[in-house]
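Tertiary structure, described
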Amino acid sequence: MIDRRSFVSAGTASAALAALGFSGSTFAQQEAQANAVGLKFAEPGPFSFDGLIAQAETLAKAPYVSGNTLPAAVLDKIDYEAHGKIHFDPRYALFRDGPGPFPVTFFHLGRFFQTPVHMHLLEQTSGGDDFEREIVYDPAYFEMPADSPARQLPPGAGFAGFRFQESRLGDQQKLPWQKNDWVAFLGASYFRAIGELYQYGLSARGVMVDAAVAGQPEDFPVFTHFYFEPPADGSDTVVVYALLDGASVTGAYRFSMRRDKAVEMEIDCRLFLRRDVTRLGIAPLTSMYWFSETAKPTAVDWRPEVHDSDGLAMWTGAG
C-alpha cells in the first residue's frame, strides 16, 4: 500500500495522476466539480477499504505516535467562549450541490478538541478506480472574529470533526439544513446520531481499552482520518470510512448510516492490537447525566433536567 507521503514524494503531480490512470481532461472535470464548493484539496492518492485495513495493521506493528502536534498554547486559547464564536460557513459544505441530499460541514479545533482529524473525499478515475484527496484546512471555511486565536493555527491544521446535515430538499422555512444535523463525529473519538424527535442522546466511541481495570490507564483510541463516499442522488444512506489509532489498538472502519425516522448505523471494523489488553470494549457507549425531572436535588438548577440521556433501550436476539 502506498501512503500519502510516499505517493506525493514519488514524483510530480502529473506523473502521479498518470500513475492513477487519469487523463488530463478527466482530472480537469473532477477538479472543477470538487472545487465548486470552494474547498481546497491535496494531491490524489489510491484508496480501498482493504488498503485501509492494511494501513491499520502496519500501524499496529510500529510504536504509537500521537497526532497532537499542533501548538497547545494556541488551542488552549480557543476556550468555550472563543469556540462558540467559530461557525462553519455552509457555502463551503461538502456535497452542498450534490451528489446526494446530505451536505457535510466541519467542526473547528479548540481547547476541548485538540486532536487534528483529517478529512478526505473519495472519487473515481475514468477507469473506475477509487482514489482520495484530503480536504486541506483553511480558516476561510469558518466565520470567526478577526482576533480569534484560531487564526494562529498553522496551515493545514485539520478539523475536530464533521456532521451530516439535514436534506436541503426539506422544508427550508421549517428545518433549514444549515441548522440541523443528524449524525456527528467530534473530538476524534465521540460519535452520535439523532432519534425520532431530532434529539441527540447517547454517544459512542470506536473502541474502549482497559476502562475500570485496577492499575491500568484507560485508553480511547481516536479516529485520525475520515473518507467520505459521495452519496447517491435520492439515497437515504451515506458511507464513511475511518482510520483508528491509539496506544493500544489500531483499526479500519466502515460506517453505513441510514437516515430514516431515526438513524441506523451499520459498522464494519477490523482491529489490531499494539499491546496486551485486559479489557476490550467493542461498541462502547457513553453518556452524561446530572439530574432528571424525577431525580432532581432541590433548587440545584432552574432547568427541569440536565442530561444526554436518562434511559437505555436495547433490541436483543430475544426481542
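Below: a short report on this structure. (Residues numbered from 1 in each chain as written. Predicted model: local features only at pLDDT ≥ 70, side-chain atom pairs only at ≥ 80, totals over all residues. Heavy atoms only, no water.)

**What about the sheet that holds strand E18 (residues 285-286)?**
Ordered by their spatial adjacency, 6 strands build an open sheet running E4-E8-E9-E10-E11-E18, and the pairing between neighbours is antiparallel. Unpaired on one side and paired on the other, strand E4 (104-107) and E18 mark the two borders of the sheet. Pairing between strand E8 (residues 161-165) and strand E9 (residues 181-186): 5 bridges, direction antiparallel. Opposite arginine 163, over in E9, you have alanine 184 as the bridge partner. (Pairing = 2+ DSSP bridges. Helix = DSSP H or I, 4+ residues; strand = E, 2+ residues; numbered from the N terminus.)

**Things to note about the environment of alanine 72**
Considering the arrangement of structural elements, one finds alanine 72 in helix H5 (residues 72-77). By relative accessible area, alanine 72 is classed as partly exposed at 40%. A sequence separation of 81 residues divides alanine 72 from leucine 153, and the C-alpha atoms of the two residues are 10.0 Å apart. (Buried < 20%, exposed > 50% of the residue type's maximum accessible area, 1.4 Å probe, protein only.)

**Focus: a nonpolar patch on the surface**
Taken together, the side chains of Leu202, Leu285, Leu312 and Met314 make up a nonpolar region of the molecular surface, amounting to roughly 420 Å² of accessible area. With respect to the helices and strands, leucine 312 occurs in the segment after strand E20 (306-307). (Patch = residues over 30% accessible without salt bridge, like charges linked within 9 Å, V, L, I, M, F, W, Y side chains within 5 Å. Areas by Shrake-Rupley, 256 points an atom, 1.4 Å probe, with all protein chains shown as cover. Salt bridge = Lys/Arg side-chain N within 4 Å of Asp/Glu carboxyl O.)

**Considerations on the pattern of salt bridges**
The final tally for this structure, using the stated rule, is 13 salt bridges. Close ionic contact of aspartate 260 with arginine 258 constitutes a salt bridge, the shortest N to O distance being 3.2 Å. Here arginine 258 falls in the partly exposed class, since its relative accessible area comes to 30%.

**Digging into the pairing of E9**
The buried count for E9 comes to 5 of 6 residues, which makes it a mostly enclosed element. By the bridge criterion, 4 bridges tie E9 to strand E10 (residues 190-193) in an arrangement that is antiparallel. Counted as the bridge partner of phenylalanine 185 is phenylalanine 191 from E10. The turn joining E9 and E10, which pair antiparallel and follow one another in sequence, is formed by 3 residues; a positive phi near 75° is taken by glycine 187.

**Some details on the pairing of strand E5 (residues 118-124)**
Buried residues dominate E5, accounting for 5 of its 7 residues. Where E5 meets strand E13 (residues 222-229), 4 bridges bridge the pair, whose relative direction is parallel. What sits directly across from methionine 119, in E13, is phenylalanine 226. Where E5 meets strand E6 (residues 130-136), 5 bridges bridge the pair, whose relative direction is antiparallel. Bridged to leucine 122 within E6 is glutamate 132. Following E5, the chain reverses through 5 residues before pairing antiparallel with E6; glycine 128 in that reversal takes a positive phi of roughly 90°.

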